[in-house]
Amino acid sequence: MDFSLTKEQKFFREQVSRAVERTVAPSADSIDRTDTFPRDLFRELGSLGYYGIRYPAQMGGMGADCIMFTILAEELARASIGFAAIATMQCLMGTDFIYRFGTEEQKERCLLPAIRGEKIGTIAFTEPDCGSDLGGIKTRAVKNEKGYVLTGRKLWITDGDVADFVTVAATTAPEKRLGGIGFFLVEKGTPGFSVGQRIEKMSARGAATMELIFDECQVSPHSLMGEEGKGAKYLNDILSEIRIMIAGLGLGLAKSAFVAGLKYARQREAFGRPIGTFQLIEEKIAEMEVRIRAAELLTYHAAWLKDRGSLTGKEAAMAKFYSTETACFVVDEVSRIHGAYGVAEEYPAQRYFRDGRFLLFGGGTSEILKTIIAKDTMKKCEFEIN
Amino acid sequence: MDFAFTEEQQFFKKIITDTVDRMVVPKAREIDEKDEFPWELWKDFTKLGYLGLRYPEEIGGMNADPVTAMIFYEQIARGSVGFAQSVIMNILMGTYFVYRFGSQAIRERCLFPAMKGEKVATMCFTEDQSGSDLSATRTTAVKDGSEWVINGTKMWITNGPVADFATVLATTDLSLGAKGLNFFLVEKGTPGFSPGQVLDKLGCRGTVTGELVFDNVRIPEENLLGAELNKGIEYLGEILDEVRVMTGAMAMGIAQAAYDEGLEYARKRIAFGKPIGNYQLIRAKFADMATEMEASRLLIYSAAWKMKERLPSRIEAAMAKMFATETCCKVVDEVTRIWGANAFANEYNPQRHFRDARFLLYGGGTHEILKDFMGRMLIGK
């Protein structure tokens, strides 16, 4: 066994950490306050090549493994969940379908500029009445002689207001539920495709969440990513990676909040001594640290399994569930350590507290993940470690 | 034993519930978004006489017992905790010492208008470096002839930026710690008394919270609110239990509002072909929430009953405060989970409840402090 990062991974962490400290951290507060897409920052991070982290070097990518991608997610989240949501969307869900199924021309037009940070990509599956239950989507794709006609509404679409292209889940056969879903590439400016209302939200501000409207939106036959009816399977191919990535976001947030709590506990005095010297505060610090370390092990273990090709859905579900719950636990405790200052806008504790919630839903709610873990475990009647 | 409200209390509950539904609930979102003192609602609501809730009928009050008062605190917070805090400040902490120790002239100038909503009251304990630890108070009161001179800065003052008068905690002798503390009345317009920065905060928005600055503020002798010098902490003890249980009651108000939202959503939101309320994991959340809310209310109302009967209630009040506000935080947490991503869309209420709940963890003593206190009392020195 060896729990240490390789030299390359270690070097990568240091490099990312420095870059994030220099570029993202100083803007974190203003991203949260203004809730606007940080375009300059987005470009700057693109020029460093991070959006291509998962893609081959010949496309301008880094060809990195899942452990390194998780490191990137974690380091970004330490500074700003809002920006981390934008950047990870670009690295993974927003671009992956084009990478796997796009024509050369589509890659030229969308993927390569996206890797450079010149175009913004996003993915759209959630609808007003369906989130974790993907089989329930109502957006229709009807085949005609020119390709497909898309009609429907998508909600909670990250970067929906600024995205240059969207990978949209739509069904060609609603009665088949999951078996009817396909993904379609729709570019900005396509007639019938428009941006609807913005969802004002308390977490992950800066990453706008929008409604997207498809009103008899005609797209070409090549817009279908892969084959009809295979969308759910394609999504499943990256679902575990998405969950590990979100677990990484949880870790990053938990660590920043933890450090803020430590600082405050050392500096704030009550009854003549720092509050960190009281047992009840010590207890919080110990609980937080143990949980963060456990979450870290679950997360990187899942990433390691992914890199070895032996990941099952369960490990990713466990990592996402435990790491995001840990983040929510830590931000709660850190806000308590801050006392009333835990709700004052001048300290980041309240931002951490709000941001924690964002991680609970995307990639599957904790409730859904628990049923996935349990169902998998119940298949065999033994305790197994992969 | 008898766990039922009296007929009068039941009637009161119905009236206040309807009033809050009609006047406060429709304004809650706007109050939160604007984060300004809601003058219009304040004027309409205070006409109804509730600000005199706890005071005797002969001075225009409602003479409500502690159980009835808790019903009020719970309902008003169910409507809007931002508004509730401003109202309750006038009802309880902001006016108590004026009522208890103020001269007739002071009562006429401050208490009676405050009971009618014509003046806004506040109380100031907290400072930058003293919260739960009152003995660290650095604001000083020095006697100079027939006047007191107050110097210091207070933080986190509810209604501070709009208050017409403030009951201020200050020490006459820094070396005495908690035994040197007294309450003083300082009125708006007194030279040297001014509002400082206003706090921008996560929850309980609409209650304006800010800094108050006392720079050589000279007040007459009679503004010392206390029969004897340096007994401030003892006098504070007279309302401490009520303040704590009141905080618990407000927590139940928020919890109820959130719970109701959760219930509606669980019934109508469909996943995998059936309402999410049909799934065991969601049902379990309601079972847990309802059980803990029921237990919280029993702690709150039994502590209030003890206060009414003048039985010892210090530990019970701390228990009620801690348990009810923790339950509230848990309920708002679970309700945001039930609502999924919609829980953090600002167009719906769960995110407001989620933010509001946090504020109640601190006022009346953090739970770390309360646990330490309770443990000390239970174990004995």
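The rules behind the values
- Residue positions within a chain follow its written sequence, with the count starting from 1.
- In the order they appear in the text, chains get letters beginning with A and ligands get numbers beginning with 1.
- The predicted origin of the model limits local features to residues at a pLDDT of at least 70 and limits the giving and counting of side-chain atom pairs to 80 or more, whereas totals for whole chains, interfaces and linings rest on all residues.
- Hydrogens and water molecules were not included; the side-chain quantities draw on all heavy atoms of the structure.
- Runs of E in the DSSP output that reach at least two residues are strands. Runs of H or I that reach at least four are helices, and both are numbered from the N terminus.
- We compute the radius of gyration over the C-alpha atoms and compare it with the globule rule, which gives 2.2 Å times the number of residues raised to the power 0.38.
- Residue exposure (1.4 Å probe, protein chains only): buried if accessible area is under 20% of the type maximum, exposed if over 50%, otherwise partly exposed.
- Here, two residues are considered to be in contact whenever any of their heavy atoms come within 4.5 Å of each other.
- For the accessible areas, the method is Shrake-Rupley and the probe is 1.4 Å, while residue cover comes only from the protein chains on display.
- His is not counted, nor are the chain ends, whereas Lys and Arg count as positive and Asp and Glu as negative.
- One atom stands in for each charge, and that atom is NZ of Lys, CZ of Arg, CG of Asp or CD of Glu.
- For Phe, Tyr and Trp, rings pair up if their centres lie within 6.5 Å, where Trp contributes its six-membered ring, and each pair is then called stacked (planes under 30 degrees apart), edge-to-face (over 60) or tilted (otherwise).
- Per the annotation, domain bounds derive from an automatic or database assignment of domains.
- When two parts are brought into contact, each loses some accessible area as probed by a 1.4 Å sphere; the total of that loss over both is the buried area.
- Only buried Ala, Val, Leu, Ile, Met, Phe, Trp, Tyr and Cys residues count toward a nonpolar core, and they belong to the same one when joined by side-chain atoms within 4.5 Å.
- Each salt bridge in this description consists of a side-chain nitrogen of Lys or Arg and a carboxyl oxygen of Asp or Glu lying within 4 Å of one another.
- In protein, a polar contact requires one atom able to donate a hydrogen and another able to accept it; more generally it is a pair of N or O atoms within 3.5 Å, and residues adjacent in sequence count only if both atoms are side-chain atoms.
- All amino acids are sorted into three groups, where Ala, Val, Leu, Ile, Met, Phe, Trp, Tyr, Cys and Pro are nonpolar, Asp, Glu, Lys and Arg are charged, and the leftover types, Gly among them, are polar.
- The span one expects for a helix is its residue count, reduced by one, times 1.5 Å.

### Structural notes on the overall build of chain B
So, point 1. Helix and strand counts for chain B stand at twelve helices and ten strands.
So, point 2. In terms of overall dimensions, chain B is globule-like: its C-alpha atoms have a radius of gyration of 21 Å, near the 21 Å expected for 381 residues.
So, point 3. Among the 381 residues that make up chain B, the fraction classed as buried is 59%.
So, point 4. Contacts spanning at least 24 positions in sequence make up 76% of the contacts within chain B whose residues lie at least 6 apart.
So, point 5. About 15600 Å² of surface is accessible on chain B, with carbon and sulfur atoms providing 52% of the total.

### Focus on the overall build of chain A
So, point 1. The secondary structure content of chain A amounts to twelve helices and ten strands.
So, point 2. Computed over the C-alpha atoms, the radius of gyration of chain A is 21 Å, within 12% of the 21 Å expected from 2.2 N^0.38 for a compact globule of 386 residues.
So, point 3. Counting only C-alpha atoms and orienting by the principal axes, one finds that chain A spans roughly 80 × 50 × 40 Å.
So, point 4. Here chain A holds 386 residues, and the buried ones make up 59% of them.
So, point 5. For chain A, contacts bridging at least 24 residues in sequence account for 75% of all contacts bridging at least 6.
So, point 6. When the accessible surface of chain A is split by element, carbon and sulfur atoms take 53% of a total near 15900 Å².
So, point 7. When the 50 basic and 52 acidic side-chain charges of chain A are each reduced to a single mean position, those positions are 1 Å apart.

### Some points on helix H5 (residues 81-91) of chain A
So, point 1. Counting buried positions over the eleven residues of H5 of chain A gives eleven, a clear majority of the element.
So, point 2. Considered for burial, the residues of H5 of chain A that qualify are Ile81, Gly82, Phe83, Ala84, Ala85, Ile86, Ala87, Thr88, Met89, Gln90 and Cys91 of chain A.

### With respect to the packing of aromatic side chains
So, point 1. Overall, the coordinates contain 38 aromatic pairs over all chains when judged by the stated rule.
So, point 2. Here Phe353 of chain A and Phe354 of chain B contribute two aromatic rings whose centre-to-centre distance is 5.0 Å and whose plane-to-plane angle is 10 degrees, an arrangement assigned as stacked. Of the two residues, Phe353 of chain A is situated in helix H11 (residues 349-358) and Phe354 of chain B in helix H11 (residues 350-359); the pairing between them involves two chains. Both residues of the pair, Phe353 of chain A and Phe354 of chain B, count as buried.
So, point 3. Chaining the aromatic ring pairs together yields one cluster made of Phe12, Phe45, Tyr50, Phe72, Tyr73 and Phe83 of chain B.

### Remarks on the domain arrangement of chain B
Residue and element names in this part refer to chain B.
So, point 1. Per the domain assignment, the segments making up chain B are domain 1 (7-115), domain 2 (121-228) and domain 3 (233-379).
So, point 2. For domain 2 and domain 3, the distance between their C-alpha centroids amounts to 30 Å.
So, point 3. With 16 residues of domain 2 at the interface, the matching set in domain 3 holds ten residues.
So, point 4. Here domain 2 and domain 3 share an interface that buries about 1100 Å² over both sides, 73% of which is from carbon and sulfur atoms.

### Some thoughts on the nonpolar core
So, point 1. Phe83 of chain A together with Phe45, Phe72, Tyr73 and Phe97 of chain B are the most contacted members of the largest nonpolar core, which totals 230 residues.
So, point 2. Among the elements that line this core, the one with the most residues is helix H8 (residues 231-267) of chain A, at 17 residues.
So, point 3. Residues in contact with Tyr73 of chain B, not counting those within four places in the same chain, are Leu53, Arg54, Ile88, Ile91, Leu92, Glu242, Met246, Ala249 and Met250 of chain B.

### Notes on the interface of chain B and chain A
Reports of interface size often rely on the accessible area that becomes lost once the parts have come together.
So, point 1. Taken residue by residue, the interface counts 43 residues in chain B and 46 residues in chain A.
So, point 2. For the pair chain B and chain A, the summed buried area comes to about 3800 Å², and 58% of that belongs to carbon and sulfur atoms.
So, point 3. A salt bridge links Asp333 of chain B to Arg357 of chain A, with the shortest nitrogen-to-oxygen separation between them at 3.0 Å.
So, point 4. Taken together, chain B and chain A are joined by 19 residue pairs in polar contact (both at pLDDT 80 or more).
So, point 5. Among the secondary structure elements, those contributing two or more residues to the side of chain B that touches chain A are strand S3 (147-158), strand S9 (270-271), helix H9 (280-308), helix H10 (314-338), H11 and helix H12 (367-379) of chain B.
So, point 6. Across the side of chain B that touches chain A, the residue classes break down as 16 nonpolar, eleven polar and 16 charged.

### A word on the pattern of salt bridges
Residue and element names in this part refer to chain B.
So, point 1. Applying the stated criterion to the full structure yields 64 salt bridges over all chains.
So, point 2. In this structure, the salt-bridge partner of Arg205 is Asp35, at a minimum N-O distance of 3.7 Å. With Arg205 in the loop between strand S6 (193-198) and strand S7 (209-220) and Asp35 in the loop between helix H2 (28-34) and helix H3 (39-46), this residue pair connects regions lying 170 residues apart in the sequence. Just as Arg205 is buried, Asp35 falls in that class too.
So, point 3. Residues Lys308 and Glu309 are paired through a salt bridge, measuring 3.7 Å at the closest nitrogen-oxygen approach.
So, point 4. Exposure remark for Glu309: the relative accessible area of 40% places this residue in the partly exposed category.

### A few points about helix H9 (residues 279-308) of chain A
So, point 1. With 30 residues, H9 of chain A ought to run about 44 Å at 1.5 Å a step, and its terminal C-alpha atoms sit 43 Å apart, in line with that.
So, point 2. Every buried residue belonging to H9 of chain A is among Ile281, Lys284, Ile285, Met288, Ile292, Ala295, Thr299, Tyr300, Ala302, Ala303 and Leu305 of chain A, and all of these are buried.
So, point 3. Packing partners of the buried residues in H9 of chain A comprise helix H1 (7-23), helix H4 (66-79), H8 and helix H10 (313-337) of chain A together with H12 of chain B.
So, point 4. Of the residues trailing H9 of chain A, Gly309 of chain A is marked for its positive phi of about 80 degrees.

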